[in-house]
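Remarks on the overall topology
Chain residues, written in single-letter form:
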Amino acid sequence: MNQRLAGKHALVTAAGAGIGRATALAFADAGAQVLATDIDTDALHALAAAYPSIRTQRLDVTRPDDIAQLVASHAPFDVLFNCAGYVHAGTILDTDEQGWQRSFSINVDSMFHLCRSVLPAMLERGGGSIVNMSSVASSIKGVPNRFAYSTTKAAVIGLTRSIAADFVARGVRCNAICPGTVKTPSLGDRVRALGGDEEAVWRSFIERQPMGRLGTPEEIAALALYLASDESAFTTGTVHVVDGGWSN
């Protein structure tokens, strides 16, 4: 077992499945005391049952008061992994006010409130690492029918770089991960929601990948672990693309 995060306290959002779950496990395996949060209590119970060393707590990241209460009720966090996200499908003409606001609430506002809540203790302790989940579908690459999603994920890149610039001299680092298409339960849910030939939809995802396959949650978690650890102590304000060459 590696101990790259030994003695550190880590907060992970959307830890019930997919990239969030894989990252919570990677952090715990690296010696961190992990608080895994999600809105899905069943997923959290399953995670806690399988990995008793990981603490779990329900958190709706769209509720600022709940975020503040959670952060205040736990030991100061050395690591924050903002993984919660929402994928709205469609062009600008398909995006109504509700979809627009929901996209920003989950994808951007939640990171604002979480970063703002954990930062004071990080600054007081002289350091910390914030890792934010963005996407290749952002300012990096235009992807059809991902208007609201791409707009919010571009905002995450700006948020990340701004925090990094403001606190670089005070020991707090902030970096973003921009995955391409990753085979997660949430992607499976979106494929099923489309109806029709699911195998054909999966093939279409794979065929657009230069590597001929989708990414795995564990591959993204490995990068999150590196950015959370002191191994990346000279890295801040960066945008890490992990997309199998899709954006090249």
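Residues numbered from 1 in each chain as written. Predicted model: local features only at pLDDT ≥ 70, side-chain atom pairs only at ≥ 80, totals over all residues. Heavy atoms only, no water.

Description of the overall build of the chain
For the chain, the helix and strand inventory stands at 8 helices and 7 strands. Considered along the principal axes of its C-alpha atoms, the chain spans approximately 50 × 40 × 35 Å. By the burial criterion, 48% of the 248 residues in the chain qualify as buried. At a minimum sequence separation of 6, the contacts of the chain that also span at least 24 residues come to 68%. Summed over all atoms, the accessible surface of the chain reaches about 11600 Å², with 52% contributed by carbon and sulfur. (Helix = DSSP H or I, 4+ residues; strand = E, 2+ residues; numbered from the N terminus. Buried < 20%, exposed > 50% of the residue type's maximum accessible area, 1.4 Å probe, protein only. Contact = heavy atoms within 4.5 Å. Areas by Shrake-Rupley, 256 points an atom, 1.4 Å probe, with all protein chains shown as cover.)

A few points about the packing of aromatic side chains
Here the structure, examined in full by the defined rule, presents 4 aromatic pairs. For the pair Phe27 and Phe81, a centre-to-centre distance of 6.4 Å together with 70 degrees between the ring planes defines the contact as edge-to-face. On the criterion of sequence distance, the pair formed by Phe27 in helix α1 (residues 18-29) and Phe81 in strand β4 (residues 79-82) is long-range, its members being 54 residues apart. Judged by its relative accessible area of 0%, Phe81 is buried. Between Trp100 and Phe147, the ring centres sit 5.4 Å apart and the planes meet at 20 degrees, which makes this aromatic pair stacked. (Phe/Tyr/Trp six-rings, centres within 6.5 Å; stacked < 30°, edge-to-face > 60°.)

Details of the pattern of salt bridges
Two side chains bearing opposite charge may form a pair once their charged atoms approach each other closely. If you walk through the whole model with that rule in mind, you get 6 salt bridges. For Arg125, the salt bridge is made with Asp78, and the minimal N-O distance between the two is 2.8 Å. Highlighted residues: Arg125 in helix α4 (residues 97-125) and Asp78 in the loop between α3 (64-72) and β4, separated in sequence by 47 residues. Owing to a relative accessible area of 47%, Arg125 belongs among the partly exposed residues under this scheme. Taking the relative accessible area as the measure of exposure, Asp78 reaches 11% and is therefore buried. Note that Arg192 is salt-bridged to Asp189, the shortest N-O span being 2.5 Å. Taken together, the residues span about one helical turn, with Arg192 and Asp189 both in helix α6 (residues 185-194) at a distance of 3 residues. By relative accessible area, which is 45% here, Asp189 ends up partly exposed. (Salt bridge = Lys/Arg side-chain N within 4 Å of Asp/Glu carboxyl O.)

Here's the deal with the packing of α4 against helix α5 (residues 147-167)
Axes are the key here: two packed helices are described by the angle between their axes and the distance separating the axes. At a minimum axis separation of 9 Å, α4 and α5 run at an interaxial angle of 15 degrees. It follows from the interaxial angle that α4 and α5 lie roughly parallel. The two elements α4 and α5 meet at a crossing, and its hand is right-handed. Touching Trp100, Ser103, Phe104, Asn107, Val108, Met111, Phe112, Cys115, Leu119 and Leu123 of α4 are Phe147, Ala148, Tyr149, Thr151, Thr152, Lys153, Ala155, Val156, Leu159, Ile163 and Phe167, all from α5. Of the residues contributing to the contact of α4 with α5, the split by class is 16 nonpolar, 4 polar and 1 charged. (Axes fitted to C-alpha atoms, helices over the stretch in contact; angles between N-to-C directions. Parallel < 35°, antiparallel > 145°, perpendicular 65-115°, else oblique. Left-handed = near helix turned anticlockwise from the far one by under 90°. Nonpolar A, V, L, I, M, F, W, Y, C, P; charged D, E, K, R; others polar.)

Concerning the pairing of β4
Side chains Val79 and Phe81 of β4 all project onto a buried face; the interleaved residues Leu80 and Asn82 project onto the opposite face, where all are buried too. One ladder, built from 3 bridges, connects strand β1 (residues 9-12) with β4; its direction is parallel. In the sheet register, Ala10 faces β4, and the bridge partner there is Val79. Bridging between β4 and strand β5 (residues 128-133) involves 4 bridges; their strand directions are parallel. In the strand pairing of β5, Phe81 is matched with Val131. Note that the unit made of β4, α4 and β5 has a crossover that is right-handed. (Pairing = 2+ DSSP bridges. Right-handed = clockwise from strand over helix to strand, strands pointing away.)

Regarding the environment of Gln57
Within the secondary structure, Gln57 is located in strand β3 (residues 55-58). When the C-alpha atoms of Gln57 and Ala36 are compared, they prove to be 6.4 Å apart, with 21 residues separating the residues in sequence. In this view, Gln57 contacts Leu35, Ala36, Thr37, Asp38, Leu44, Leu70 and His74; residues no more than four positions away in its chain are not counted.

As for the side chain of Thr160
With respect to the element layout, Thr160 can be found in helix α5. Residue Thr160 is classed as buried on the basis of its relative accessible area of 1%. When residues no more than four places from it in sequence are discounted, the contact partners of Thr160 are Asn132, Cys174, Asn175 and Ala176.

Considering the environment of Val201
Position of Val201 among the secondary structure elements: in helix α7 (residues 198-207). Counting along the chain gives 33 residues from Val201 to Val168, while the straight-line C-alpha distance between them is 43 Å. The contacts of Val201, once residues within four sequence positions are left out, are Val191 and Leu194.

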